Structures are given as C-alpha cells and as structure tokens.
Amino acid sequence: MEFRGTAATAEALDSAADTMVAAADALGDALDAGPTARARPIGEVLALEARADVQYERLLTAAAASADRIDAEGLYDIAEGIDTTVDAVHDICQLLEAYQVDRLPDGYVVQADDLLEMTSVVRRMLQAQSMDEVIAGWRRVNRGNGQVTARHRIIVAQLLDGSTDPLTAIKLKDIAESVAACANSVEQLARTVTLLASRDS
C-alpha cells in the first residue's frame, strides 16, 4: 500500500505495530495474574510504552521528511492511532497497579484475548497487499470490538448485581471501562488504515 511510503517508513510502521501487539500480549498476562505476579507484565508494558513514544516521534519525523512521497497526514494518523492504543494499554496497567485487586473475573482475560487478536489483525492490515485483505481485516477488528463491548456489558451487569463489594465493584468497573476504551482505539486505528488503503487502491 502506498501510504507505507519508503522502505524506512514501512519498517518504522511495522516496528510500531509490533510494539502495539506486544503491549496487548503483556496486558493479557497482567489481567490473568494475581497482584504479585502482575509486576512483571506491567513492567513490560511500561517499557513498551516508552518504546512506543520513541517510535511515534520517528514516524512523525518520517511523515515530515517524506511529505512529497507519501500522504504525510495519513501516516501521522496511523502513528497517532498506534500510540493512542499503547497508551490505553498502559492506562489499564496503571489501574491494575493502583487498585491491587485480586484475580480478575474470566471475562477480563477473554477481552484481553480479543484485544490481542484485534491488534494482530491491524498489524497484518498494515502489511496487506490488496484492498480485499484490508477490508477482511477491518471486518475482523469490528467484530472483535463488538465482542469486547458485549462482554463489557455482561461484566458491568454482574458487578452491579449486589454480589460484589461496592468498592471492589467500582475498581473492577474502572478497569472494564478502560479495556473497552482500548478496544475502541484499536477499531479507530483499523478504520484509519482502511480509509488510507482505499485511497491508494
């Protein structure tokens, strides 16, 4: 796809996408662990978030330098979307670290699996060779976000049924809201990639 620009820009995009997927993977480990075991994956996310910031600046520099060869605004939008997604993963980990809740209900881990799949699909969309591949990826991400949203509603309903300590319920609801927001960020990124690819096709 033309929006990938030069070989150097394409490599920068792929590296940033790899960081996003790695952050989603580490998030799954954090959500699946108890308070003590969460320290390692949360530390991984912190390191990945710092790497993502460097990669974001690199992509912005590439956009400015390559304005005559690629759609600089489009590249900026992709860079922004990847960085926003990694920041959203980081936000979830900050809540986990601050709240120190015990093991989370299974629904959170399932949502993390959905997030990992969604980010992996976006990475493949960025490397797609045809518009058909991009559209197929967009549909999978859209479906994945629908699954996250459906599970989010179930989680919130269970938290509000009176069986969970009120303070714990508030903490778990905050985490659930952040996971849903992260999924929305991934879907927005997939939409951006699809729009840019359609202009190049």
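Anyway, here's the lowdown on the structure attached to this text. (Residues numbered from 1 in each chain as written. Predicted model: local features only at pLDDT ≥ 70, side-chain atom pairs only at ≥ 80, totals over all residues. Heavy atoms only, no water.)

**As for the overall build of the chain**
Across its full length, the chain carries 6 helices and 0 strands. Sequence-ordered secondary structure for the chain, helices as α and strands as β, is α-α-α-α-α-α. In terms of overall size, the chain behaves like a compact globule, its C-alpha atoms giving a radius of gyration of 18 Å where 201 residues would be expected to give roughly 17 Å. If one aligns the C-alpha atoms of the chain with their principal axes, the spans along those axes are about 60 × 30 × 20 Å. In the chain, which comprises 201 residues, the proportion classed as buried is 48%. Taking contacts inside the chain between residues at least 6 apart in sequence as the whole, the part at least 24 apart equals 83%. If you sum the accessible surface of the chain, you get close to 9400 Å²; carbon and sulfur atoms cover 50% of it. Charge-centre separation for the chain: the mean point of 18 positive side chains lies 4 Å from the mean point of 33 negative side chains. (Helix = DSSP H or I, 4+ residues; strand = E, 2+ residues; numbered from the N terminus. Rg over C-alpha atoms; globule rule 2.2 N^0.38 Å. Buried < 20%, exposed > 50% of the residue type's maximum accessible area, 1.4 Å probe, protein only. Contact = heavy atoms within 4.5 Å. Areas by Shrake-Rupley, 256 points an atom, 1.4 Å probe, with all protein chains shown as cover. Lys, Arg positive; Asp, Glu negative; His and termini not counted. Charge placed at Lys NZ, Arg CZ, Asp CG, Glu CD.)

**Let's talk about the pattern of salt bridges**
Applying the stated rule across the entire model yields 6 salt bridges. Within the structure, one salt-bridge network assembled from shared partners comprises Glu 117, Arg 124 and Arg 140. (Salt bridge = Lys/Arg side-chain N within 4 Å of Asp/Glu carboxyl O.)

**Looking at the packing of helix α4 (residues 106–126) against helix α5 (residues 131–159)**
Where α4 meets α5, the closest approach of the two axes is 9 Å, and the angle between their N-to-C directions is 165 degrees. Accordingly, the angle class assigned to the pair α4 and α5 is roughly antiparallel. Note that α4 runs across α5; the crossing there is left-handed. For the contact of α4 with α5, the residue count by class is 12 nonpolar, 7 polar and 5 charged. (Axes fitted to C-alpha atoms, helices over the stretch in contact; angles between N-to-C directions. Parallel < 35°, antiparallel > 145°, perpendicular 65-115°, else oblique. Left-handed = near helix turned anticlockwise from the far one by under 90°. Nonpolar A, V, L, I, M, F, W, Y, C, P; charged D, E, K, R; others polar.)

**Let's talk about helix α3 (residues 72–99)**
With 28 residues, α3 extends 40 Å from end C-alpha to end C-alpha; this agrees with the ideal 40 Å at 1.5 Å per step. Of the residues flanking the end of α3, it is Gln 100, one or two places downstream, whose phi is positive at about 50 degrees. (Expected span 1.5 Å × (residues − 1).)

**Re the environment of Gln 100**
You can see Gln 100 is positioned in the loop between α3 and α4. Sequence separation between Gln 100 and Gly 34 is 66 residues; the distance between their C-alpha atoms is 8.6 Å. Those residues in contact with Gln 100 that sit more than four places away from it in its chain are Pro 35 and Arg 38.

**Details of the packing of helix α1 (residues 7–32) against α4**
Each pair of packed helices can be described by the angle between their axes along with the distance between the axes. The interhelical angle for the contact between α1 and α4, taken along N-to-C directions, is 170 degrees, at an axis separation of 9 Å. Our classification of the angle between α1 and α4 gives roughly antiparallel. Within the contact between the two elements, α1 uses Ala 17, Asp 18, Met 20, Val 21, Ala 24, Asp 25, Leu 27, Gly 28, Leu 31 and Asp 32 and α4 uses Tyr 108, Val 109, Ala 112, Leu 115, Leu 116, Thr 119, Ser 120, Val 122, Arg 123 and Leu 126. Of the residues that constitute the contact of α1 with α4, the class distribution is 13 nonpolar, 3 polar and 4 charged.

**Considering the state of the cysteines**
By definition, a disulfide links two cysteine residues through a covalent bond between their sulfur atoms. Applying the stated rule across the entire model yields 0 disulfides. The thiol of Cys 93 is not disulfide-bonded; the next cysteine sulfur, from Cys 182, is found 9.6 Å away. (Disulfide = S-S within 2.5 Å.)

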